[in-house]
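Secondary and tertiary structure notes
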Amino acid sequence: MTTVYDGEMTPAIISALSILTKPLGDAAVRSAHSSQKEALLLALETNRALLVEQLQSETSFQEVRRLREEILADAEWFSGDTEDTVWSFVQECLLLLLTLTRHLSVQLELFNTTPAPSSSKLQSPEMAPPLPPDVLSVTQQKTLGTALQFVVCLGLCPYLEPGVGVPLGRRSAFGAMVEGTIHSGATPAMKRHLLTTTNVLLQLTELPSLATQVFMWHLGDVMAALCQLGYQPHRAEASRPEEKDKLSAEERRMYRDTLKSLLGKVYQPVVIKELLILQGTAKQSNPVESGRVSLSSSPSWLRRLCGQLLSERLMQPKGVQAVVKAILNGGTGGEPDWRKCNCIARILVTCPQQSASADNYYKQVCPQIFDLLHCDDKQMAQQFQCVGTMAALSMMQDKLSLAQQYILPPLLAPLQKCANLCDTSNTQEAVEEWDLTRCVEDVLKVWVVGNSPSVTVLKALEEVLAVIFTLFCFTKQNVSFLRAPCQEILLWFLTHTEKSCALSVLRQLSGLEQPKNEVAPDFHFTPGSDGGARLVPRDCRNEDDALYEKLEWEQWRLECLMQLLTEVKDNDLPGDFFLQLLRDLTVLAATAEEEDEQKLDISAMTLLEVEQQILGHTAGQGQKLALLQVLAVMCQSLPYTVLLGKAAQVVDFMVSLLQRACVGLDQASGDSSDSPVESQTLTMGMGLVATLLSGPQLSAEDYTSMSRLLPALDTLSQKHPDVLVQELASNLRTVIATHGACQPVNFTTPTQCARNPETTQSNNKLPFSKKQQMQTQVRDPQKSDHSSPPNPIINAPADAHIRHPELPKKSVLETGRGKTSGNSDPPTRALTDLLLDACDPNVPVRAFALRMLTKMVQCKNPEAVQAQEKVFMIFLENLEHEDSFIYLSAIQGLAVLADSYPERILERLLKDFRCGPSSSAADKDQSLESRLKLGEVLMRASRAMGELAPHHGHSLVGVFLRATTDPEPIIRVSSLSNLGELVQRLEYAFEPLAQEVSSCLTAIIKTEKEAEVRRAAVHVIVLLLRGLRHKTTQVLRDVLLDLYRALKWVVRSDRDEVAVLHAQLALEELDDVMKKLIFPEQKLEKKIVVLP
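If you're wondering where the values come from, they're calculated on a predicted model, not measured in any experiment.

What to know about the overall build of the protein chain
Helix and strand counts for the protein chain come out as 51 helices and 2 strands. In the protein chain, once contacts between residues fewer than 6 apart in sequence are set aside, the share between residues at least 24 apart is 74%. Surface summary for the protein chain: the accessible area is close to 57500 Å², and the carbon and sulfur share equals 52%.

Concerning unusual backbone geometry
Of note in the backbone geometry, lysine 318 takes a positive phi value of approximately 60° without being a glycine. Relative to the helices and strands, lysine 318 resides in the loop between helix H12 (300-315) and helix H13 (319-327). Positive phi is not limited to glycine here, since arginine 1029 has a value of about 55°. Along the chain, the position of arginine 1029 falls in the loop between helix H48 (1011-1028) and helix H49 (1032-1035). For arginine 1029, a relative accessible area of 37% corresponds to the partly exposed category.

Details of the packing of aromatic side chains
Overall, the coordinates contain 6 aromatic pairs when judged by the stated rule. Judged by centre distance (5.2 Å) and plane angle (75°), the rings of tyrosine 361 and tyrosine 362 are edge-to-face. By the burial criterion, tyrosine 361 is buried, and tyrosine 362 matches it. Between phenylalanine 469 and phenylalanine 472 the ring centres are 6.4 Å apart and the planes differ by 35°, which places this aromatic pair in the tilted class. Placement of the pair is phenylalanine 469 and phenylalanine 472 together in helix H21 (residues 465-477), with a separation of 3 residues, close to one helical turn. Each member of the pair, phenylalanine 469 together with phenylalanine 472, is buried. Sitting over the ring of tyrosine 231, arginine 256 keeps its end group 4.9 Å from the ring centre.

Regarding the packing of H21 against helix H24 (residues 543-566)
Contact geometry of H21 with H24 gives a least axis separation of 10 Å together with a crossing angle of 95°. One finds that H21 runs roughly perpendicular with respect to H24. Residues Phe469, Thr470, Phe472, Cys473, Phe474, Lys476 and Gln477 of H21 lie in contact with H24, whose contacting residues are Trp553, Trp556, Arg557, Cys560, Leu561, Gln563 and Leu564. Across the contact of H21 with H24, the residue classes break down as 9 nonpolar, 3 polar and 2 charged.

What about the nonpolar core?
Residues Trp447, Leu461, Phe525 and Met634 are the most contacted members of the largest nonpolar core, which totals 218 residues. With 13 residues, helix H5 (residues 85-113) is the largest single contributor of residues to this core. Counting 81 residues, the second-largest nonpolar core is a separate cluster that includes Ile891, Val959, Leu1001 and Ala1059.

Cut-offs applied
Note on numbering: residues in each chain are counted from 1, in written sequence order. With pLDDT at 70 or above as the cut-off, local features in this predicted model cover only qualifying residues; side-chain atom pairs require 80 or more to be listed or tallied, and sums for whole chains, interfaces and linings still use all residues. The basis for every side-chain value is the complete set of heavy atoms in the structure, and neither hydrogens nor water enter the calculation. Per the convention used, a helix needs a DSSP run of H or I reaching at least four residues, while a strand needs a run of E reaching at least two, with both numbered from the N terminus. A contact between two residues is defined here by any heavy atoms of the two lying within 4.5 Å. The method behind every accessible area is Shrake-Rupley, applied with a 1.4 Å probe, and residues are considered shielded solely by the protein chains displayed. Relative accessible area decides the class of each residue, using a 1.4 Å probe on protein chains only: under 20% of the type maximum gives buried, over 50% gives exposed, and in between gives partly exposed. Two rings from Phe, Tyr or Trp (for Trp, the six-membered ring) form a pair when their centres sit within 6.5 Å of each other. Planes less than 30 degrees apart are called stacked, planes more than 60 degrees apart edge-to-face, and all others tilted. Any Lys NZ or Arg CZ found within 6 Å of a ring centre and within 35 degrees of that ring's normal is scored as a charge over the ring. Fitting a line to C-alpha atoms yields each axis, with helices limited to the stretch in contact; the angle taken between N-to-C directions then spans 0 to 180 degrees. The labels follow the angle: roughly parallel below 35 degrees, roughly antiparallel above 145, roughly perpendicular from 65 to 115, and oblique for the rest. Residue polarity follows a fixed list, in which Ala, Val, Leu, Ile, Met, Phe, Trp, Tyr, Cys and Pro are nonpolar, Asp, Glu, Lys and Arg are charged, and the others, Gly among them, are polar. The definition of a nonpolar core used throughout is a set of buried Ala, Val, Leu, Ile, Met, Phe, Trp, Tyr and Cys residues joined through side-chain atoms within 4.5 Å.

Shown next as structure tokens:
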């Protein structure tokens, strides 16, 4: 017979549970029982009696009483004659919970079998569908939770073995009291109480709504009970009275299966968290007088069981993520705790003892560690990546063989595939964009973000570094988000690896050595659709195009490598690499000398040997060219502060330079030893050493470092054909050997060592003192009182101990080169010396003198003001020098002179521009080039005039207009360019010249045959309109229409695309001007007029 219950029964059962669990409110009863234990027992007994009374008397509980009696008839575990007050209370709670479970199950079954009402029967379309009958209100859930808490605290936790589960005494003060109350009256019959309570709670979990309440608050207690019932070993004690209470093997097996089923259903991070608590919880001991419980470890059988269950959770799919979420509090997001992440990583990479095979464990766990780097959960992504990074690094550091088998292959597979591809016909082998992007990001996370530069970690990255560098070079040619990750990876490796390894890698990346695992030759990177890159096969092309692309790519790789070295901060690697290349150059020079001395007898060789000799010689020449190319690119791309930023590096540079000079002495014979470039380089290098030695307070370590120069200096002082070099090398050797105690009288500076290379032969035949005397006479011919003071180093007595004045503590190279720029004070050298140096054949000396003269003119130096005619002639003569370093310095000087003294200098410059240079040294062949340089001077002077441009503009415009009729097209272009720079600064002063300039420009546009000249004429109009802006209609009112028609004629008729483009730009400028004139900007302003 099936009984049907109505929906009003659920509140009645909840009301019965509320009566049973409500606190005792009788104050008299509380005062009569001062002990908490007695008060608790009284409250339990009173509530139980009150519930039984109301169930019998109240009509509202009639259906509840009937269903309770049905449950009671089936409950074999119920004991009505027990004298244990606590257990009697727990039994009533269990009966009511089972009553609620049966009622909700019946109601839910009826709800599921009854068809849902149609939408027409709903009162309104917005009405929600009916709720299932097992849905409880918040108040009902609170009452149910209280009942469950009483059941667990009074009927389950007290019967757990010590160390199993969290003791009640560690949870709250009430728990400690309950624990003491139950244990004080324990009997052997209570052995089955744990079994009864666990079974009832498991019956409750069959209903989903009640299972949520049980597992949300009491999952750990239920798991602890199942572990004890299913896995606790029997004690080997014979003939115990309670032997009959032991569980049978079938029951133990049932609880084990129940535990495994429970662990598979519940959310895995929660399960793992509860297992960790069970594994490390405290073990109860006998209570001490203070009432506190001493802590001890869990039982060994429980620790083994929890370890095995945790291993099973870990090795199942997504088990690693569950472990991470459990330890990191379920994924709250935020910044990761590095200590916790490191602890989790150590747990993951340690094979548990319960695992049958270590290889099988890592085979299942390592792929999950790799998946942590690609977490889709935004809240846990950062924490997952942190754990995955640390786990991967721990594997590479501690278990390299396993990491090479399970971690590195999936992590670096795309990059390794780029180097291992070989079949160009199979396009399926190409690396896709998403795969390559994820690989680069993973490498960045593990190596750079993880930042654990151990030897094994660096070695693993080195295997794919060549591919990453190739990808970096590709991204420098395109817009790609992979550029920054690749650069960070390369910089991290170069700054954290050992110096020898970093230098070896740089040699490979620069092409001096064969790189490891380079990108396959038949494949190349191409842009991806999402901003990344992908590897595809190369298209078929002829040999010439392939050779050109290869050479261009090698040059680009070198430039990218130099850009990478400029980003290396706080590291001497660029300088060390530069010095190593210089040492290699010295070795190659010595090897070349030995090869030249050896005369091969080809007649005695076979054809194979001859071919091998030729190929070896060709390879050697190629190596030399590659080395020279790398050195040239380094010198062009990297500043001296990066190459030689420290004194030790400067000394190493000088060692390489002097050794190479000694090798050149051994190779030289006859006139080949008189190379001016080599002599000047050697002289300036030794001058740099002299600057180092003149520094303040050199330490013993500095002299010890410089002692490496002594063998080379000794060789140069004896074998070099130049007497001056011999003397300087001998002086430097003396100072270094004596640690500065002895400084010779003729210890010279770098500027004094520079001389005319054409007089090398004559200087070599004179003694050094005679040459020095001649040099002094040239520098001071008049012996006047206003001449420069004598050099204290040269004129000091031989036995004097001389020191250079103290220099500011700056970089060595900055001290040696001097202050050539900036806002510093003008140089203190005499004008006579600078004028003489401005005629020196040595390019650096001459350029330095011109720069100093320019600075003296800018600073209104009195000597320069008096000798402005000489300075002007010096600049004019150097204007014709073929070296750009010289004539650009002269152009700058003339522009400064024209700006400072426009009345005198500007007129002469205009005259020279019209007719050629006035210098007597000028030749007709150089007239054209000189006029172009003068045009550059006039253009710079026009820019520097500022507000004075209208004052001098008429004469300049006249010269430029006349030059537009010059027979040379290049002069006409230069004149128009200068005219454009000038007219945009004249503003209203241009109005009297507007008609003349407009006629000239219009004529040139329509009649000039040279396209470059027409472009320049149109560009003048563009600059004129840009300079006038809103003043255009006022200044150009008479010629604006002519200019507009000329521009339209260019757009319609001119065949030169550049001229058309300039005309379109001019028309756009004119269009903006007219729009602003016709439609002025509306301003919200209020005018106030004061009437008289």
